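Commentary on secondary and tertiary structure
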Amino acid sequence: AMALATCGLVAEADRAYDWLAANQRADGSWHNYYTAAGVEDPKIDTNCVAYIATGVWHQYLTTGDAEGLVGRWSMVEQAIDFVLTMQTPRGEIVWARNADERPWDYALLTGSASISHSVGCAVRIAAAYPAGPAPMLRRSTSGTVPWCPVGAVVAQPAVVALGTSARKSARVGC
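Given the structure is predicted, the values throughout are model-derived calculations rather than measurements. (Residues numbered from 1 in each chain as written. Predicted model: local features only at pLDDT ≥ 70, side-chain atom pairs only at ≥ 80, totals over all residues. Heavy atoms only, no water.)

For the rest of this paragraph, the subject is helix 5 (residues 73–85). For helix 5, built from 13 residues, the straight-helix expectation of 18 Å at 1.5 Å per residue is met to within 8% by its first-to-last C-alpha distance of 18 Å. Contact partners of the buried residues in helix 5: helix 2 (10–23), strand 3 (44–45), helix 3 (46–63), helix 4 (66–71), strand 4 (96–97) and helix 6 (109–128). (Helix = DSSP H or I, 4+ residues; strand = E, 2+ residues; numbered from the N terminus. Expected span 1.5 Å × (residues − 1). Contact = heavy atoms within 4.5 Å.)

Right, here's the structure in full:
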């Protein structure tokens, strides 16, 4: 979807996000691979699940579509909530979960970096949400590692409800 929007194929990108919303599992995740016939690989990769936040934020930055940003918040929130369920007591987020719901026993550096970036995008989306930062920004599944540092500085749209893409710096307490 990000490549489609970057190439100006915004309607196609929107359809990709609609497909993701329609196929999001009840726990907020997606399987690793799908084909026209259905699920090809039932593994769930936390990095891929979290990346929806990066894609939704990118779509907003590319198009300025504030309604799309707000409309996709629930999908982003559910995905990030799922990813946080994979956080260990030490704070890292394991890479994947098998089809039998058993989490893998390790985290990947690259996956963790991508998750961190995606969490930052989710924070920006939540900060842009008309009702203000969502309560989910203040919790961590393990209780040991917060979503983001208290007082993290994020860029947020100044008036998202009006669809402006103006930016300002804001402090978001997580």
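Okay, the confidence of the model for the protein chain next. When pLDDT is low, close inspection of the predicted coordinates is not appropriate. Residues at a pLDDT of 70 or more form 74% of the protein chain, whose mean pLDDT is 77. Across residues 138–174, where pLDDT falls below 50, the model places 84 contacts with residues more than four positions away in sequence or in other chains. (pLDDT = per-residue confidence, 0-100.)

V56 and V76 are the most contacted members of the largest nonpolar core, which has 31 residues in total. Mapped onto this core, the elements with two or more residues apiece are helix 3, helix 4, helix 5 and helix 6. Apart from residues no more than four positions distant in its own chain, V56 is found in contact with Y17, L69, R72, M75, V76 and I125. (Core = buried A, V, L, I, M, F, W, Y, C linked by side-chain atoms within 4.5 Å. Buried < 20%, exposed > 50% of the residue type's maximum accessible area, 1.4 Å probe, protein only.)

Take the packing of helix 5 against helix 6 next. For the pair helix 5 and helix 6, interaxial distance at closest approach is 11 Å and the crossing angle is 140°. Taken together, the axes of helix 5 and helix 6 lie oblique to each other. You can see that helix 5 and helix 6 cross each other, and the crossing is left-handed. Contact with helix 5, carried on its side by W73, V76, I80 and V83, involves I115, A122, I125 and A126 of helix 6 and no other residues of that element. When its residues are assigned to classes, the contact of helix 5 with helix 6 shows 8 nonpolar, no polar and no charged. (Axes fitted to C-alpha atoms, helices over the stretch in contact; angles between N-to-C directions. Parallel < 35°, antiparallel > 145°, perpendicular 65-115°, else oblique. Left-handed = near helix turned anticlockwise from the far one by under 90°. Nonpolar A, V, L, I, M, F, W, Y, C, P; charged D, E, K, R; others polar.)

Under the criterion given, the structure shown has 7 salt bridges. Of the charged contacts, one joins D27 and R25 as a salt bridge, the two residues approaching to 3.0 Å between their closest N and O atoms. Classification of D27 as partly exposed rests on a relative accessible area of 27%. With a relative accessible area of 22%, R25 lands in the partly exposed category. For R25, the salt bridge goes to E101, with nearest N and O atoms at 3.7 Å. Linking R25 in the loop between helix 2 and strand 1 (33–35) with E101 in the loop between strand 4 and helix 6, this pair joins segments that are 76 residues apart in sequence. Relative accessible area serves as the criterion here: at 43%, E101 is assigned to the partly exposed category. Through salt bridges with shared partners, one network takes in R25, D27, R97 and E101. (Salt bridge = Lys/Arg side-chain N within 4 Å of Asp/Glu carboxyl O.)

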